[in-house]
Amino acid sequence: VFSERYPSLLKTMVNTVNGGSGDSVAAFRQKANFMKSWKPGSAPSNRDKLELYALHKQAISGDAPDSLSTQSAAERAKYQAWRNKSGLSQAEAMRLYLQESDRQVRVYGHHQPALTDNPQQAQQTTPLNTPAAALEDSNNTDQEQQQPRGLAAIPLLCAAASESRQAYLRRLANTRVEQAWWARQEPLTAMPGSLFALPEALLIGFAALVERVSLTAEGFVPMIPIDVLRSFLWPTHNSLLSLWMAYILIATSWTAAIELSQTIVWGSRRTGLSLDTVWKEQVVWCAQSVGTLTEPHQPLTARLTGLFLWPYGLLVSLANAMGPVLWKSVFYTAFLCMTWWFWLVVLPWLGMALLCLSVLAGNCFAVIELAGA
């Protein structure tokens, strides 16, 4: 039990965590105990497991150490996820842990020991990340929860993009084709298999193809070690991760604009949404994610993505000065539509330029690996 294992630490957190309070620590302790015994209806993804682990470690222990003693792949992944939270206060980590825990419980549901004879009850307990969530009685609440699911993956994608070349080579050397990371991913901004998920699915599919080449091309080019090819493709892998993050952020920003417009025109009762909820859970969170990408500890490709999306943070800051959430929503939606050419034309071209630069950089890393072979 959390309180039994860390009694003195809890007292210290109550007294010293910036902005923390006894209530917040008690809520964190209660949620940690709950998540320890929680049995999800479907297995959470690795990125979601790492997100909870990282937030818990940051809340308990603060910033991660500068180096990692173990070299196992699992421990490296947990360490990278934890280190990505560096600079986050323990009080903020506790708050985000509570928020992420609630999100995962909504997404993955609860384990049902036996099938129920009531189809309506069975549908209500279906996790939102399954196709059954699109069946009858689905509503706008599903869409509202699905977008933060995409935004919640941003820190973990940053952690994946921070993987060093040597770590990347070691991981691929111990990975079978059927265990390829990209091949196990799915769209995060729309229901997998739907038309709206097609752009994201194409990006993931191309990245999976690049990874498959890295895993299966050994001996394809005589006299060229496989690590040379993998070093060539390593910058492309990182760039695709950054493009995925950019797509998630852009898709979320436009989805928020659509939902805000619908709510303004038709009203909250008809749409099932509220302006305040959409603004806080999508617009503000998206702007915060963009700001996170530009932090000094982030990998270079993530910082470039944050730089490309910097105007979005400026847009949200200007909208916040409009006063009531109605005027914020009107300004945000109108300005986003007026600058559509930047989000839908300029940014894709910048993404292509990033991929071209990654190919050029790949040649340099291939030469470095070849020289050291």
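Residues numbered from 1 in each chain as written. Predicted model: local features only at pLDDT ≥ 70, side-chain atom pairs only at ≥ 80, totals over all residues. Heavy atoms only, no water.

### With respect to empty space enclosed by the protein
With the rule as written, the count across this model stands at three cavities of 30 Å³ or more. Its boundaries defined by the atoms lining it, the second largest cavity holds a volume of some 50 Å³. Tyr168, Arg171, Trp182, Ala207, Val210, Glu211, His237 and Leu240 together form the lining of the second largest cavity. Mapped onto the lining of the second largest cavity, the elements with two or more residues apiece are helix H10 (165–173), helix H11 (198–216) and helix H12 (226–266). Partitioning the lining of the second largest cavity into residue classes produces five nonpolar, one polar and two charged. (1 Å grid on protein atoms, 1.4 Å probe; cavity = no way out; pocket = protein on both sides within 12 Å on 5 of 7 lines; lining within 4 Å. Points joined across faces, edges and corners; volume = space filled by probe spheres on them. Helix = DSSP H or I, 4+ residues; strand = E, 2+ residues; numbered from the N terminus. Nonpolar A, V, L, I, M, F, W, Y, C, P; charged D, E, K, R; others polar.)

### Let's talk about the pattern of salt bridges
Under the criterion given, the structure shown has 11 salt bridges. We note a salt bridge from arginine 171 to glutamate 163, for which the minimum N-O separation is 2.9 Å. Its salt-bridge partner being aspartate 276, residue lysine 280 comes within 3.3 Å of it at the nearest N-O pair. Pair noted here: lysine 280 and aspartate 276 are both in helix H14 (residues 275–293), with a separation of four residues, about one helical turn. Of the residues examined, lysine 280 reaches a relative accessible area of 53% and is grouped as exposed. (Salt bridge = Lys/Arg side-chain N within 4 Å of Asp/Glu carboxyl O. Buried < 20%, exposed > 50% of the residue type's maximum accessible area, 1.4 Å probe, protein only.)

### Observations concerning the packing of helix H9 (residues 154–161) against H12
At a minimum axis separation of 9 Å, H9 and H12 run at an interaxial angle of 165 degrees. Between H9 and H12, the crossing angle belongs to the class labelled roughly antiparallel. Judged by the sense of rotation from one axis to the other, the crossing of H9 with H12 is left-handed. Residue-level inspection shows Ile154, Leu157, Cys158, Ala160 and Ala161 of H9 in contact with H12, the latter providing Asn238, Leu241, Trp244, Met245, Ile248 and Leu249. (Axes fitted to C-alpha atoms, helices over the stretch in contact; angles between N-to-C directions. Parallel < 35°, antiparallel > 145°, perpendicular 65-115°, else oblique. Left-handed = near helix turned anticlockwise from the far one by under 90°. Contact = heavy atoms within 4.5 Å.)

### Things to note about the packing of aromatic side chains
A complete count under the given rule lists 11 aromatic pairs for this structure. Ring-pair connections join several aromatic residues into one group, and the members of that group are Trp279, Tyr312, Tyr332, Trp341, Phe342 and Trp343. Lying over the aromatic face of tyrosine 53, lysine 78 brings its terminal NZ or CZ to 5.1 Å of the ring centre. Residue placement shows arginine 270 over the ring face of tryptophan 266; its charged tip is 4.1 Å from the ring centre. (Phe/Tyr/Trp six-rings, centres within 6.5 Å; stacked < 30°, edge-to-face > 60°. Lys NZ or Arg CZ within 6 Å of the ring centre and 35° of its normal.)

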